[in-house]
Amino acid sequence: MASSFSKQTFNKTFTTVANSIYLMLMVGWLTLLCALPLTVLFVLRVPLTFYPTYALALALSAPSFAAMFAIFRDQPTFNSRDAELRIKLYDDNLKDPNFPPDWIAKPYVPSDRVIAIFRPFFRAYKQLFLRALAVGFSCCLVIFAFGYDLQITQQFTWGAILMPVLVVVMAIFLQAYFVGLVIIVEYPKAKWLNVMKSAILLSVRRWLALIIALLVMVGFVWGVMWNPILVLLLGTGLIFYIEYSAARWQAQILFAQMAVESGDKRIRDMYSVGADAKSRRPKSSFWRGGADIMQ
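Here we summarise the structure given alongside this text. (Residues numbered from 1 in each chain as written. Predicted model: local features only at pLDDT ≥ 70, side-chain atom pairs only at ≥ 80, totals over all residues. Heavy atoms only, no water.)

**What to know about the overall build of the protein**
Here is step 1: The number of helices and strands found in the protein is 11 helices and 0 strands.
Here is step 2: Ordering the α and β elements of the protein from the N terminus gives α-α-α-α-α-α-α-α-α-α-α.
Here is step 3: Taking all 295 residues of the protein together, 49% fall into the buried category. (Helix = DSSP H or I, 4+ residues; strand = E, 2+ residues; numbered from the N terminus. Buried < 20%, exposed > 50% of the residue type's maximum accessible area, 1.4 Å probe, protein only.)

**What to know about the state of the cysteines**
Here is step 1: In the structure shown here, the tally under the stated rule is 0 disulfides.
Here is step 2: Not part of a disulfide, cysteine 139 finds its nearest cysteine sulfur in cysteine 140, a span of 6.7 Å.
Here is step 3: Given the relative accessible area of 0%, cysteine 139 is considered buried. (Disulfide = S-S within 2.5 Å.)

**Section: helix α4 (residues 62-74)**
Here is step 1: Between the first and last C-alpha of α4 there are 19 Å, a value that for 13 residues agrees with the 18 Å anticipated at 1.5 Å per step.
Here is step 2: The element α4 is largely enclosed, with a buried count of 13 among its 13 residues. (Expected span 1.5 Å × (residues − 1).)

**A few points about the layout of surface pockets**
Here is step 1: In this structure, the largest pocket occupies an estimated 920 Å³ of space.
Here is step 2: In terms of lining, the largest pocket is formed by 26 residues, of which the most central are Leu48, Tyr54, Ile143, Met170 and Leu174.
Here is step 3: Those elements that provide at least two residues to the lining of the largest pocket are α2 (36-43), α3 (51-60), α6 (118-153), α7 (159-186) and α9 (207-226). (1 Å grid on protein atoms, 1.4 Å probe; cavity = no way out; pocket = protein on both sides within 12 Å on 5 of 7 lines; lining within 4 Å. Points joined across faces, edges and corners; volume = space filled by probe spheres on them.)

**What to know about the packing of α2 against helix α10 (residues 228-262)**
Here is step 1: Between α2 and α10, the shortest axis-to-axis distance is 9 Å and the interhelical angle comes to 140 degrees. One element, α2, and the other, α10, form an angle in the oblique class. From α2, Thr39, Phe42 and Val43 reach across to α10, where they touch Pro228, Ile229 and Leu232.
Here is step 2: Here the residues of the contact of α2 with α10 sort into 5 nonpolar, 1 polar and no charged. (Axes fitted to C-alpha atoms, helices over the stretch in contact; angles between N-to-C directions. Parallel < 35°, antiparallel > 145°, perpendicular 65-115°, else oblique. Contact = heavy atoms within 4.5 Å. Nonpolar A, V, L, I, M, F, W, Y, C, P; charged D, E, K, R; others polar.)

**What to know about α10**
Here is step 1: The largest bend along α10 measures about 60 degrees and falls at glycine 235.
Here is step 2: Phi turns positive, to about 70 degrees, at glycine 263, one or two residues after α10. (Bend = angle between axes of the 7 residues up to and from the residue.)

**A short note on empty space enclosed by the protein**
Here is step 1: This structure, assessed with the given rule, holds 1 cavity of 30 Å³ or more.
Here is step 2: Approximately 70 Å³ is the volume attributed to the largest cavity.
Here is step 3: Those elements that provide at least two residues to the lining of the largest cavity are α1 (2-34), α2 and α10.
Here is step 4: For the lining of the largest cavity, a count of residues per class yields 8 nonpolar, 3 polar and no charged.

**Quick look at the side chain of serine 64**
Here is step 1: By the element assignment, serine 64 lies in helix α4.
Here is step 2: Serine 64 has contacts with Thr31, Cys34, Ala35, Phe121 and Tyr125, leaving out every residue within four places of it along the chain.

**So, a nonpolar patch on the surface**
Here is step 1: A cluster of nonpolar residues, Trp29, Leu36, Val40, Val43, Leu44, Trp222, Trp226, Ile229, Leu230, Leu233 and Leu234, forms a patch on the protein surface that exposes about 1,100 Å² of accessible area.
Here is step 2: Secondary structure elements with two or more residues in the nonpolar patch: α2, α9 and α10.
Here is step 3: The element best represented in the nonpolar patch is α10, accounting for 4 residues.
Here is step 4: The exposure class of tryptophan 29 is partly exposed, given its relative accessible area of 35%. (Patch = residues over 30% accessible without salt bridge, like charges linked within 9 Å, V, L, I, M, F, W, Y side chains within 5 Å. Areas by Shrake-Rupley, 256 points an atom, 1.4 Å probe, with all protein chains shown as cover. Salt bridge = Lys/Arg side-chain N within 4 Å of Asp/Glu carboxyl O.)

Just distances and angles here, no functional claims.
This is the structure in structure tokens:
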């Protein structure tokens with residue numbers, strides 16, 4: 001009996017690990033394929049001094065990262081707590097046509113397809129394409145503008161004073177790029193202006209996640225410049241899973257607020273919001289959280 005139990009446990013663990021590795025590699029490769037302009041720049045090891053080209057390539061690659069985040073959100077093999085809660089709630093409410101409500105994205109990956117990757121990825125890519133481009137170009141335009149300002153200020157003796165400020169702003173908008181993609185993956189009807197405002201503010205909330213994400217991205221770029229083929233093929237999925245986790249943790253503030261304002265216990269449970277949580281709106285008029293993101 002014990003031997004049979006151990007064998008079953010081993011087989012289940014091995015299958016889960018093997019499937020996770022397969023999916024992590026495949027989602028990374030699909031993203032590299034669909035983010036071809038950025039991939040080409042990395043493979044050719046184009047210097048970062050050509051930042052306008054990188055900014056354009058990153059903007060064009062936004063739908064690819066959005067599709068990747070959609071897979072991370074719902075793929076059951078990754079065994080994230082969020083995915084498990086969603087699957088259980090969807091299965092328990094199959095007969096309710098109003099759950100989930102239309103302002104929450106339905107699962108991008110079927111709950112019974114533990115290695116589904118190709119169709120869900122390209123379906124999400126198609127569904128999120130225009131919204132992802134809007135977020136991508138908005139953030140990358142600002143990154144380019146501040147990068148240009150950084151280049152200009154270096155021509156003056158006082159430029160070193162502004163350099164840290166400009167770098168920090170660029171870092172915030174880079175993280176806002178990913179947070180914004182997380183938001184549109186979650187809320188397919190969210191308005192562009194409110195997505196951008198929320199993404200910017202959420203990028204500086206929970207600042208520890210911002211620092212971790214930036215360190216991971218710096219390490220990834222350094223690795224690509226060292227050995228682009230090896231790092232891109234083996235590390236893209238894992239690195240951006242970490243980035244997705246950080247961005248989603250930052251966006252959880254908005255998700256929790258939306259769940260509270262919905263008044264639906266099932267949605268509260270989906271986002272792990274306690275029954276005693278109350279709707280709270282910060283005083284700043286810049287933050288229009290909750291249902292306002294749909295207006």
